[in-house]
Structure formats: structure tokens, C-alpha cells
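If you want the building blocks of each chain, they are given just below.
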Amino acid sequence: MDHLIDRAERALSLDLCDHCLGRLFARVDTGLSNRERGESLRMAVAWRRALEDRKPLPPHQRCQICDELFEMVPRFAQAVVEKLRSVEFDTFLIGTRIDPLILEKEERLWEMVGQDRAEPIKAEMNQEIGKAVQGMIPQEVDFSSPDVVALVDTRFCHVELDVSPLFIYGRYRKYSRAIPQTRWPCNRCRGKGCTKCNNTGKMYQTSVQEIIGEPIRKWAEGTDHFFHGMGREDIDARMLGNGRPFILEVREPKRRRLDLEALENEINMAGKGVIDVRDLRFSSRDEVRRIKLAIPDKEYRVRVQFESKVNKEQLDEVVQSLKRIRITQQTPARVAHRRADLAREREIKGLVLEEFDGSSATFRLRTEAGTYVKEFIHGDSGRTIPSLAERLGIPCSVEWLDVIEIADQN
Ligand SMILES: [Zn+2]
Ligand SMILES: [Zn+2]
């Protein structure tokens, strides 16, 4: 490999600024900035030429690579700071779009003197604007998950913000048997509004997501919300007990320092009798991943009607035989149109008879995540084996079903 000074001298056959010269050797570990590297290399070249009685290089005038773009850094930083005033954030990162002509010229320079020690202009520009902005505001640079990325187009000194979503964790309970967990657009018009949906664009007028998400979106001044639940219950099942964990994601929030206690109160007032939330706290995309992967046991209370009279001793015996058992469930007929038809094994971890009057009964049961409880009761025409109906030899129907615990905390 050439001597660095030789390479620097070859690069200086073009008129280069100190940044563009120094950046060619950015990966030589000196603890210097690119500008300082450039400055010292230029001096080294000048010394050598003087010692060898060669004529000095012409003085630097205008950089043939960047056209003195680095002189603009304070103006870019000012534009970033002004733009950032429109949002709340604790951490930021700078990105830049550089004129493609400059990138082309930089590549030609690399071909001339080698690229192995070089850093692209974009990296240096990000760094320089970042340092300048850092000196003007108290918030910190964060490379891995900044609240906001300020994207500077260096051709027009134009700044665009890419605001990271806001994530809020909580647990919800649902007291209605008539609303779904997430918003459900009309399946005919897909949300535009038609006669089927009375021009609402929705299959259900509201949902757990909307009751929780709308106030949060408004407070955060965001554009939209997404709901990530740790599983979901059927529309006609209540969600009681300790509630179900969820994370509400707000896109493009302008505010992120929300008073979660006050927010919780507002949601609970609006949801009165339908849903409530608790334990609200700030969360992250990583936790969304964990929530989606969690497989907690669940506890249910289920009200069952028997098609004919049931003998108490026989029922007790059947309950005994089912209270710790593995069952096989073929995808239920009611969801087969949207899920693959598979057989899966699940464990019933507890079954207790709570009430019985001869023709109906209430059970409490604990199951492994992913168990279809209604099907375990009525048997789904033999698609779930064994089932309560099969063991009793009497058809059973589910009058109602409640989730009473999500066991994610033990
Ligand atoms: Zn330059
Ligand atoms: Zn419609």
C-alpha cells in the first residue's frame, strides 16, 4: 500500500477542502476529526514539497468534491433545531440526503486514491450536523432507537422529521359481550361506508382499541393508533380479573410526555361499563415483540346448557376425568375460513364445577394458551377430542364465556 502522504498528494491534484481530504483517511486511527486530519496531511504534503524543492500547491479555493458544503453545517443545524420545535422528544438522530452529483465525484476520487481508509461524506455530514445540534439543545443523540430522526436534504437546506411511534403498555378489562378487541372495518366497503354498514365503514361501532386508542392518539397528537394485545378473546366473551396486557402504538406523536394517570382516568370515564384500563406505562417496540410471543395460561368461567337432564354423580365423574388432560383440537369450524386447518394438542390444567342445577352448570377452567374453550365444551362435531359433551354423552352449548385470568405474571 502507498504511503499516506503519497496518497494525500495524489488526492490534492484536485482542489479539496480539509474535510474531503481528511475523510479519505477517516479509518486511520488518530483521534482527530476529518477536518484536522485534512489540515495536517495538507501541511505534511506542503513540507515535503518544500524540502524537495518542488513548487508549492496552489492555495485552496473551492472544494471540487463538496463545493464547501461543510460551511453550511451551522445553517443545517439551525434548520434542524427549528424543525424539532414542533415535536416532543428526548433523543434524536441526524440523517442526510446529499446531492447525487457530490456522491459521484466522491466515488471518482476513491477510484483515484483508494477507498480502503475512507468514510462516505454522508457519515461525516451526519456527524457534523449532529455535533452542532447537540450543542444547541439539551436532548441526546441516540443511534439505536431515537425518538426522532431529522433528515436534512443538503441541496435545499430542507428538514423532514421521522418521528418514532409512542408505545404505551397497560392491561384492559372488557365488560361488554358485543365489542371486538380491535377496530373492524366493514368487510364489504373496507371502511369507505356502504349500505351494509350504514355508512360507518365499520362492522362494530366501537372496539377496545378505539376506546383506549382515540384518547391516547389525541393526547399524543398522533396520526393513527395500532393495538397489540397478548392474544384476544372472542367478541362475546368478557375479559375480567387482572385484565389482558396490551401495547397501544401511536404513529407520529407530537407529544410523548403524557400524564398517564390522567389519561387512564379519561379512558376509564369514556369506557365506563364497557372497558377499563390499568397499569399504564411507557413501553417499547421490543416489548411489543415479547407480548406477541407470550403464551400464558388462561382461566375462564363458562356457563353451559345441557340438552337434557344431567346426573350430578355422572357430571362429577366426567369433571374428574377432564381436569388434567391433553386434548386434540382440529381448527374450529367457526374460524376454519381464516386459519389453516390443523390438529393441535393443548392441555386442560384445571376444571372445577362451580354451580349446577340439573340442566345447566358453571365451570371454572384453566388451560394452556391457544386452547379453544367453547370447542372443549361442545366438542365441535368431534373436531375436539375429548370434550365435555362427548364424555357426558349429552350435547352441550355455551351460554357465555368469561376470561377471568391471564397468567402472564407467574
Ligand atoms: Zn469538500
Ligand atoms: Zn360498509
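Quick caveat, the model's predicted, so the values are computed rather than measured.

About the criteria used
Residues numbered from 1 in each chain as written. Chains lettered and ligands numbered in written order. Predicted model: local features only at pLDDT ≥ 70, side-chain atom pairs only at ≥ 80, totals over all residues. Heavy atoms only, no water. Donors = N, O, S within 2.8 Å, 3.2 Å for Na, K, Ca; no water. Tetrahedral: all angles 85-135°; square planar, octahedral: opposite > 155°, others 65-115°. Buried < 20%, exposed > 50% of the residue type's maximum accessible area, 1.4 Å probe, protein only. Helix = DSSP H or I, 4+ residues; strand = E, 2+ residues; numbered from the N terminus. Polar contact = N/O pair within 3.5 Å; in protein donor to acceptor, adjacent residues only side chain to side chain. Contact = heavy atoms within 4.5 Å.

### Observations concerning the coordination of the zinc ion (ligand 2)
All of the protein donors around the zinc ion (ligand 2) are Cys-186 (SG), Cys-189 (SG), Cys-194 (SG) and Cys-197 (SG); their distances to the metal are 2.3 Å. For the zinc ion (ligand 2), the four donor atoms in the first shell make angles of 102 to 114° at the metal, so the coordination geometry reads as tetrahedral. If you list the donors of the zinc ion (ligand 2) from N- to C-terminus, the spacing comes out as C-x2-C-x4-C-x2-C. We note that Cys-186, like Cys-189, is buried.

### Focus on the coordination of the zinc ion (ligand 1)
Around the zinc ion (ligand 1), the protein contributes the donor atoms Cys-17 (SG), Cys-20 (SG), Cys-63 (SG) and Cys-66 (SG), which lie 2.2 to 2.3 Å from the metal centre. Classification of the site at the zinc ion (ligand 1) rests on its four donor atoms, whose angles at the metal span 106 to 112°, yielding the label tetrahedral. Assessed through its relative accessible area of 5%, Cys-17 is described here as buried. On the basis of relative accessibility, which here comes to 2%, the residue Cys-20 falls in the buried class.

### Comments concerning the side chain of Ser-207
Inspection of the secondary structure puts Ser-207 in the loop between strand E5 (166–174) and helix H7 (208–220). The buried category is assigned to Ser-207, whose relative accessible area is 0%. Among the polar contacts made by the side chain of Ser-207, one reaches the main-chain amide nitrogen of Arg-183 at a distance of 3.4 Å. Other than its neighbours up to four places away in sequence, Ser-207 contacts Ile-179, Pro-180, Gln-181, Thr-182 and Arg-183.

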